[in-house]
Amino acid sequence: MTFKNSWLQNLQLGTQRFAAGIDVATQAVRLVVVSQRSRESAVLHIEYVSTVPLAPGAMAGTEISDRHAVARALREAFANLPRACSSQALRCAMALPASATLTTTVPLTRLAALAGGAEDGGHELAELEPAVMNEVERIAGLERHALAVDWSVDESPAPIRTVTIAATARQHLEARIECAATAGISLTAIDGEPHAALRAMRYAASHELDPNEPYVALWIGTDGVYGWRMVDDGIVGSIHYPAPEHADLADALRDLVHGPVLDCALLSGEVDLLDGVGFTLADIGDVLGCTVLPFECAALGGLARRLDDPLLHEPAGVVAFGLALRGVLE
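Residues numbered from 1 in each chain as written. Predicted model: local features only at pLDDT ≥ 70, side-chain atom pairs only at ≥ 80, totals over all residues. Heavy atoms only, no water.

Draft legend 1. The arrangement of the overall build of the protein in detail. Secondary structure summary: the protein contains 10 helices and 16 strands in total. Across the 330 residues that make up the protein, the buried fraction comes to 52%. Of the contacts made within the protein by residues no fewer than 6 positions apart, 64% connect residues no fewer than 24 positions apart. Carbon and sulfur atoms form 51% of the exposed surface of the protein, whose accessible area is close to 15,900 Å². (Helix = DSSP H or I, 4+ residues; strand = E, 2+ residues; numbered from the N terminus. Buried < 20%, exposed > 50% of the residue type's maximum accessible area, 1.4 Å probe, protein only. Contact = heavy atoms within 4.5 Å. Areas by Shrake-Rupley, 256 points an atom, 1.4 Å probe, with all protein chains shown as cover.)

Draft legend 2. Looking closely at the nonpolar core. Core analysis: the largest hydrophobic core is formed by 42 residues, its most contacted members being Met201, Trp219, Phe295 and Phe321. Where this core is concerned, the elements lending two or more residues are strand S2 (28-37), strand S3 (45-53), strand S6 (91-96), helix H7 (193-208), strand S11 (215-221), strand S12 (224-231), strand S14 (264-269) and helix H10 (318-329). If we ignore the near neighbours within four places in the chain, the residues touching Phe295 are Ala200, Met201, Ala204, Leu267, Ser268, Leu300, His313, Glu314, Pro315, Gly317, Val318 and Phe321. Counting 34 residues, the second-largest nonpolar core is a separate cluster that includes Val33, Leu74, Phe78 and Cys85. (Core = buried A, V, L, I, M, F, W, Y, C linked by side-chain atoms within 4.5 Å.)

Draft legend 3. View of the sheet that holds strand S9 (residues 162-169). With antiparallel pairing, the 3 strands of this open sheet are ordered in space as S7-S9-S8. The open sheet terminates on both sides in strands that have one partner only, identified here as strand S7 (101-107) and strand S8 (147-153). For this sheet the average axis-to-axis angle between neighbouring strands, irrespective of direction, equals 20 degrees. Alignment of S7 against S9, held across 7 bridges, turns out to be antiparallel. Paired with Leu102 across the strands is Ala167, a residue of S9. (Pairing = 2+ DSSP bridges. Axes fitted to C-alpha atoms, helices over the stretch in contact; angles between N-to-C directions.)

Draft legend 4. Region of interest: the pairing of S6. In terms of residue burial, S6 counts as a mostly covered element, since 5 of its 6 residues are buried. Alignment of strand S1 (residues 16-24) against S6, held across 4 bridges, turns out to be parallel. Bridge assignment links Gly21 to a residue of S6, and that residue is Ala93. Pairing of S6 with strand S10 (residues 187-192) involves 5 bridges; the strand directions are parallel. Residue pairing across strands places Ala93 opposite Ala189, the latter belonging to S10.

Draft legend 5. Main features of H7. Taking 1.5 Å of rise per residue, the 16 residues of H7 would be expected to cover 22 Å, and the 22 Å separating its terminal C-alpha atoms lies within 8% of that figure. Most of H7 is tucked away: 13 of the 16 residues are buried. (Expected span 1.5 Å × (residues − 1).)

Draft legend 6. Looking closely at the side chain of Thr104. Take Thr104: it is sitting in strand S7. The class of Thr104 is buried, set by a relative accessible area of 19%. Leave out the neighbours within four places in its chain, and Thr104 touches Ile139, Val163, Thr164 and Ile165.

So, in structure tokens, the structure goes:
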């Protein structure tokens with residue numbers, strides 16, 4: 001007996017999740033849509049990729065100066081979304097610029113203690129929210145009503161579980177929600193650019209590097225270079241350049257060299273911006289003493305259909321991919 005498209009077959013295969021990552025950059029809107037079945041070890045599929053240029057003047061730094069122009073670009077990015085994706089409950093996440101976002105990582109045990117002994121898991125994670133909000137108010141110096149906050153518990157197999165918290169002034173969030181709503185898009189999450197990029201690079205490392213291999217993850221954004229030294233999938237060091245403590249980019253990168261010998265550095269983001277500081281991929285490899293691999297989302301999942309957008313192979317796709325990844329993994 002065959003149970004084609006039956007509930008039993010769906011149960012055996014696992015429910016397929018669809019998620020979209022939306023990166024509103026200074027000059028373009030980038031969209032990546034992925035899917036994955038909920039069963040363990042399911043293959044990630046890249047369903048759709050789109051890049052739409054923004055009209056000149058649509059963005060002014062971190063501010064959206066022309067909301068109608070951004071909404072038009074969002075509509076165009078989603079215009080050719082495959083029916084298989086649009087017919088599903090598509091989880092959509094959008095990025096906030098790094099300079100407009102405060103991101104911090106706190107040990108889960110610390111927040112649990114502040115929350116009065118909430119357990120590490122299960123429904124009692126909801127009890128962490130007051131402790132999270134208190135931590136955000138402390139580091140942002142603003143009252144919670146003026147802030148928009150997002151947080152998640154890191155599920156990676158690191159020795160100490162952590163909670164990643166992202167916060168921004170509510171005005172930045174409201175502008176993006178309005179643009180998305182005008183384009184007919186309902187957002188389910190907002191994330192900071194560096195955090196989304198790091199999530200994508202950690203995923204890439206889990207597929208492209210040897211297990212437990214120390215590596216450096218680098219993301220280049222409009223406000224500088226962010227770097228993380230990763231050991232056993234945990235962050236053991238980080239840098240941001242420009243910063244007062246670093247004379248130049250080479251000096252900042254040298255802060256990431258201390259520790260076990262590195263075999264690889266993953267590079268992502270607006271790589272062309274390196275030209276502004278007179279740096280190249282080869283220079284990064286020389287300073288870190290390892291091979292540098294540009295991020296490429298096409299290497300991290302099967303293509304559900306023929307896709308030809310250059311974003312598949314560009315390091316600039318890292319934020320959109322990291323946002324979409326969040327929707328299928330969480």
